[in-house]
Each structure stands twice: as C-alpha cells, then as structure tokens.
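Each chain, written out:
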Amino acid sequence: MAVKDFDWDGQVDFGGTKLPEQTPIDNVVVIEQEVEPRKGGQHPIVVLVLDRSGSMNATDTEENVSRIELVKRYAKDFVNTQSISDADKELIEFCVVTFGSDVEILQDFTPMSESKVDFDSLQAGGLTSLYSALIVAVKLARERKNKLIATGTPCFKPVIFLVTDGRPEGENDLKMEDACRQILHSYVDAEDGKSPRMRLFVCGMDKCDMSLMDSLCDDKQIIALRNADALKEAFALLTKSVAAMSVSDVNDLLHLSFENIENLGVLKGHQKVAKLN
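These notes cover the structure that comes with them.

Scoring rules and cut-offs
- Residues numbered from 1 in each chain as written.
- Predicted model: local features only at pLDDT ≥ 70, side-chain atom pairs only at ≥ 80, totals over all residues.
- Heavy atoms only, no water.
- Helix = DSSP H or I, 4+ residues; strand = E, 2+ residues; numbered from the N terminus.
- Buried < 20%, exposed > 50% of the residue type's maximum accessible area, 1.4 Å probe, protein only.
- Pairing = 2+ DSSP bridges.
- Expected span 1.5 Å × (residues − 1).
- Axes fitted to C-alpha atoms, helices over the stretch in contact; angles between N-to-C directions.
- Parallel < 35°, antiparallel > 145°, perpendicular 65-115°, else oblique.
- Left-handed = near helix turned anticlockwise from the far one by under 90°.
- Contact = heavy atoms within 4.5 Å.
- Nonpolar A, V, L, I, M, F, W, Y, C, P; charged D, E, K, R; others polar.
- Disulfide = S-S within 2.5 Å.

The next thing to look at is the environment of Leu 200. With respect to the helices and strands, Leu 200 occurs in strand 7 (residues 199-204). In the structure, Leu 200 is positioned 22 residues away from Ile 222 in sequence and 8.5 Å away in space, judged by C-alpha atoms.

Okay, the pairing of strand 3 (residues 45-51) next. Of all the seven residues making up strand 3, seven are buried; the element is thus mostly covered by neighbouring parts of the structure. The alternating pattern of strand 3 places Ile 45, Val 47, Val 49 and Asp 51 on one face and Val 46, Leu 48 and Leu 50 on the opposite face, and all of these are buried. Relative to strand 4 (residues 93-99), strand 3 runs parallel, the two being bridged by seven bridges. Looking at strand 4, one finds that Leu 50 is bridged to Thr 98. In the sheet, strand 3 pairs with strand 6 (residues 159-164) via five bridges, with the strands oriented parallel. From the neighbouring strand, Val 47 faces strand 6, where its bridge partner is Ile 160.

When the terminal C-alpha atoms of helix 3 (residues 130-150) are compared, their 30 Å separation across 21 residues agrees well with the 30 Å that a helix rising 1.5 Å per residue should span. Among the 21 residues in helix 3, 15 count as buried, and that is most of the element.

So, on to the packing of helix 1 (residues 67-80) against helix 6 (residues 231-244). Across the interface, helix 1 lies against helix 6 with an axial gap of 9 Å and an inter-helix angle of 20°. Between helix 1 and helix 6, the angle falls in the class roughly parallel. Like other packed secondary-structure pairs, helix 1 and helix 6 cross with a definite hand, here right-handed. Contacts between helix 1 and helix 6 pair Arg 67, Leu 70, Val 71, Tyr 74, Ala 75 and Phe 78 from the former with Leu 231, Lys 232, Phe 235, Leu 238, Thr 239 and Val 242 from the latter. Partitioned by chemical class, the residues of the contact of helix 1 with helix 6 number nine nonpolar, one polar and two charged.

Further remarks concern the state of the cysteines. Under the defined criterion, the tally for this structure stands at zero disulfides. Between Cys 203, a cysteine without a disulfide, and Cys 208, which holds the nearest cysteine sulfur, the sulfur-to-sulfur distance is 8.7 Å.

With respect to the helices and strands, Gly 126 occurs in the loop between strand 5 (103-111) and helix 3. Residue class for Gly 126 comes out partly exposed when judged on its relative accessible area of 42%. As for Gly 126 and Met 56, which are separated by 70 residues in sequence, their C-alpha atoms are 9.8 Å apart. Once you skip the residues sitting within four places of it in the chain, Gly 126 turns out to touch Ser 53, Gly 54 and Ser 101.

The next thing to look at is unusual backbone geometry. For Asn 64, which is not glycine, the phi dihedral falls at a positive 60°. By the element assignment, Asn 64 lies in the loop between strand 3 and helix 1. Among the residues examined, Asn 64 registers a relative accessible area of 59% and is labelled exposed.

The next point concerns the pairing of strand 5. The buried fraction of strand 5 amounts to nine of the nine residues, a majority that puts the element mostly inside the structure. Both strand 4 and strand 5 contribute to a ladder of six bridges, which runs antiparallel. Residue Val 97 lies in a different strand from strand 5, and its bridge partner there is Ile 105.

Okay, the environment of Leu 48 next. For Leu 48, the position within the fold is in strand 3. Along the backbone, Leu 48 and Val 163 are 115 residues apart, and their C-alpha atoms lie at a distance of 7.9 Å. Once residues lying within four places of it in the same chain are set aside, the contact partners of Leu 48 are Ala 75, Phe 78, Phe 94, Cys 95, Val 96, Val 97, Phe 119, Phe 161, Phe 235 and Leu 238.

Spelled out as structure tokens, the structure:
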C-alpha cells in the first residue's frame, strides 16, 4: 500500500482558521491512495474516525477483550455487511481516519465494495488527538465532495462517524479546540437557515466528554454508550442508516435511525442522544 503526504494548509483550506504549530496534524500519514470516483448513481460520503489512544486497551467488556478489538470487529462488520447491496457499496465513498498521539488516514476514499482497509493493524496507545482527527476528517470529506461535484457526480452530504472513549489531550488543547470549533462551525453547521453541509455523529463511551462534544458544533447527533459492548449496536445503527441512503434524495442529510433505541433523550433542543445498553 502506498504512502503519500497529506497536503495540509491550516490557513488557506479553512477560511483563515490558523492552527497552532507543532500539532499531530503536521504529521498525518496516509496508508492508501485515493481512488477516482465512479460516475453514475448517488454517492454517499462516509468517514469513520476511530480512537486508538491508550485507553482503548481497556478490557472492560463482556468477553474481556479490549475496546480497540471490538472497534476493529464491528468496523469490519460494517464494511462487510450484507445489509447494504453490492451495487450500493460501489457508490459509497469510504474513508477511515484513526488517531492516538498522531493521526493516520488508514484508507483514503475508496468505493466500499473495494475497501481493503486493514483494521487488524490498529494498535491502541498514546494520547488522544481528537481535534486533529476531526479537522483531517472534515478536510477530506469537503475535498471529496468538491471533487464529485466537479466531475458532475451526484453525492450526499458527507457523514463523519466518530468513535472515542476519552477527551482530547496532547494537542495544545485550548488553541486546537478553538480551531476545531471554528472549522466545524464553518463546514458542518447550517448557515442562513439552510441545512448542514455535513453531518457529525459522535459515538462516545467511558470518559468521553459529552458536554465538550456537544459544544463543538450544532449539527451533530450523539450516541452515549453505556459500555464498549454497545459498539455492536452503534455500528449496526450506522449500517442501517447508510443502507437507507440508497432510497433517499441526494439533498437529504443522513439521520441515524433511533426508532428502536430505548432511553431516547433530547440534548439541548433538537439534538438526539441515544443511550445504548
């Protein structure tokens, strides 16, 4: 698998938002080259953002396996699911970003049907470069959407699905938090009464700071997992919702299907929180 440089410019690409120097985002590694999009059909754009920090080594699960092992298992199940047709998988633009002390693009955008992402290579360790990972995910999603539009290919608004068990650490936190917040506000949140340009889903467990996640941007949905074992249901929820995109209008936003989830609550008005057992 090829490795390429991540073309990063924190000021030009993000409307003047200046990032602090010496952050994990300066050394992003890309494991696979981007694949040219295929024309025809409506293309969902899906970015998985997976935490592989040291806390993901915790074995507080029913099987006494680590959280990272469950993430790998259910991420593979998502890619290999039969709930999404082969024809639809050919249209899904799929990318995987992981983060610990650094940020890695484990797979650049590839049709889901051709994904060969090596989830088994993930090893948990290090700090939690969450802000950097979100900024990378937004940049990738925005650029892919623009590329599809430029080639006349209809596409859905991008979906970013974040899985984490902690809060950001080791990133010059206050400055990075401000930069992340500005970027999410600029490229995720709605403006002037229009619908959001992207959709962010936060799937959090253990020490994930839900108040912080809620404050980063307006247009997101949060899934609060009671424990790591609920990752199975969280990824099943994502699978069901992405599968439903094939019969949706290209201008629609993806909404996670919470209908059968107990303890559905409301977070700050219209934002939904599912507490998965």
